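One-letter residues, chain by chain:
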Amino acid sequence: MKLKRFFAAALAGTLLALSLTACGGNTNADTNTDASNDTAASTGETTTVKLGVVGSIYEDLWAPAKEALKEEGIDLEIVQFSDYVTPNNALANGEIDLNAFQHRIYLQSEVENYGYEIQAIGNTFIIPLNLYSDKVSSVDELKDGDTVAIPDDLTNGGRALKVLESAGLITLKADAGFSPTVDDIETYNTKIQIEELKANVIPSSLPDVTAAVVNGNYALDFGLKTEEAIYKDSVLDEEQYWNLIAARTADLKDPTKVDVYKKVVAAFQSDATEKVFHDDFGGYFIKVGWDQDLFSEAQ
């Protein structure tokens, strides 16, 4: 299944690059790239744009855009990386022109940790974090004393608590941070017992708990389908979890490159891409923020 290829190779916890700590790695990207190539489609020459990604699934997600961009005189070259650290380093160093593999939390962390001058130019998708159970068929069936497992890492765990709040099971404190912990729970609307487990063991622990918030990659690997969730993640307007396309800040001062990059973003944010989301990947990808003009925000 296409999604298994993606998540096994590309995700450690939703999406996508949810870990905020990382160590170095090697890139398989070519160097000395220039998105504009000092030419434009109007000259009849082809402009090559190198797009860094992590995971073979992006070949499928970007296929409609790649095809559409040919008509614009743009050759979109997908450059695969094997880890989440190298694509931002490669982008900052000019080895690639754009990348599309991360959400906003991760990008912010990378910028803070390494001082990269790169930024988002377009939103792509979000992967929901759903609640599953082998024992009950709806959230309404959960009762006092039932155990609900959530990931034990800060990013996934905080997002999972927001899912439980959205489901009406708990209420978080008004001053809870962006990534809340169990200490930030103000009220247990249903007196569940929250058990924090490693994200990768949660699916296999479903028989031992009443319900669990499962990362999309592990849900898929374990054979869980989105329609089987007893509660579907509805916290989709949290922009920090949105995946994005990133570019070098310096390139956004070049009108020629900006024109090319705008065409790349528009080609991805299309009906054809959304059709791939639905037809090929059954609800694991949801478009978000396609109406935001991040180029204007960058200026």
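Residues numbered from 1 in each chain as written. Predicted model: local features only at pLDDT ≥ 70, side-chain atom pairs only at ≥ 80, totals over all residues. Heavy atoms only, no water.

Caption draft 1: Molecular detail of the nonpolar core. Core analysis: the largest hydrophobic core is formed by 64 residues, its most contacted members being Leu61, Trp62, Leu98, Ile121 and Phe285. Top contributing element to this core by residue count: helix H8 (residues 255–268), with seven residues. Each residue touching leucine 61, except ones within four places of it in the same chain, is listed here: Phe125, Phe268, Thr273, Val276, Phe277, Phe281 and Phe285. (Core = buried A, V, L, I, M, F, W, Y, C linked by side-chain atoms within 4.5 Å. Buried < 20%, exposed > 50% of the residue type's maximum accessible area, 1.4 Å probe, protein only. Helix = DSSP H or I, 4+ residues; strand = E, 2+ residues; numbered from the N terminus. Contact = heavy atoms within 4.5 Å.)

Caption draft 2: Here's a closer look at the packing of aromatic side chains. Taken as a whole and assessed by the stated rule, the structure comprises 14 aromatic pairs. Ring centres of phenylalanine 125 and phenylalanine 285 lie 4.8 Å apart, and the angle between their planes is 85°; on these two criteria the pair is classed as edge-to-face. Within this pair, whereas phenylalanine 125 is found in strand S5 (residues 125–126), its partner phenylalanine 285 is found in the loop between helix H9 (271–281) and strand S13 (286–287), the two being separated by 160 residues in sequence. Since its relative accessible area comes to 1%, phenylalanine 125 is described here as buried. Seen in terms of ring centroids, phenylalanine 281 and phenylalanine 285 are 5.5 Å apart; in terms of plane orientation they differ by 75°. Their pairing is edge-to-face. When its relative accessible area of 1% is taken as the criterion, phenylalanine 285 is described as buried. Grouping aromatic residues by their ring pairs yields a cluster made of Tyr58, Trp62, Phe125, Phe268, Phe277, Phe281, Phe285 and Trp290. Directly above the aromatic system of phenylalanine 178 lies the positively charged group of lysine 162, at a separation of 3.9 Å from the ring centroid. (Phe/Tyr/Trp six-rings, centres within 6.5 Å; stacked < 30°, edge-to-face > 60°. Lys NZ or Arg CZ within 6 Å of the ring centre and 35° of its normal.)

Caption draft 3: Seen up close, H8. Taking 1.5 Å per residue, 14 residues should reach 20 Å; H8 reaches 20 Å between its end C-alpha atoms and fits that length. For H8, the set of buried residues is Lys257, Val258, Val260, Tyr261, Val264, Val265, Ala267 and Phe268. N-cap assignment for H8: the residue whose side-chain oxygen lies 2.9 Å from the backbone N of threonine 256 is aspartate 254. (Expected span 1.5 Å × (residues − 1). Polar contact = N/O pair within 3.5 Å; in protein donor to acceptor, adjacent residues only side chain to side chain.)

Caption draft 4: Representation of the side chain of arginine 104. Note on placement: arginine 104 falls in helix H5 (residues 104–114). Taking relative accessible area as the criterion, arginine 104 reaches 15% and is therefore assigned buried. Discounting chain neighbours no more than four positions away, the residues touching arginine 104 are Asn123, Glu239, Gln240, Trp242, Leu244, Gln292 and Leu294.

Caption draft 5: Summary view of the environment of asparagine 123. Within the secondary structure, asparagine 123 sits in strand S4 (residues 118–123). A distance of 2.7 Å separates polar atoms of two side chains, one belonging to asparagine 123 and the other to arginine 104. A polar contact is formed between the side chain of asparagine 123 and the backbone oxygen of glycine 289, at a distance of 2.9 Å.

Caption draft 6: Geometry of the sheet that holds strand S7 (residues 147–151). What the four strands build is an open sheet, ordered S6-S11-S7-S10; its pairing is mixed. Looking along the sheet, the strands with just one partner apiece sit at the ends: strand S6 (130–132) and strand S10 (193–197). If you compare each strand with its neighbour and ignore which way they point, the axes differ by 25° on average. Here five bridges tie S7 to S10, and the two strands are oriented parallel to one another. Paired with alanine 149 across the bridge in S10 is glutamate 195. Packing against the sheet, helix H6 (residues 154–166) makes contact with S6, S7, S10 and strand S11 (211–214), and its axis sits at approximately 140° to S7. (Pairing = 2+ DSSP bridges. Axes fitted to C-alpha atoms, helices over the stretch in contact; angles between N-to-C directions.)

Caption draft 7: Fine view of the pattern of salt bridges. Here the structure, examined in full by the defined rule, presents 13 salt bridges. Glutamate 239 is paired through a salt bridge with arginine 104; the nearest N and O atoms lie 2.9 Å apart. Placement of glutamate 239 in the loop between helix H7 (216–221) and strand S12 (244–248) and of arginine 104 in helix H5 is noted, with a sequence separation of 135 residues between them. For the salt bridge of aspartate 251 with lysine 257, the shortest nitrogen-to-oxygen distance reads 3.1 Å. With respect to burial, aspartate 251 and lysine 257 carry one shared label: buried. Taken together, the shared-partner salt bridges connect Glu72, Asp259 and Lys263 into one network. (Salt bridge = Lys/Arg side-chain N within 4 Å of Asp/Glu carboxyl O.)

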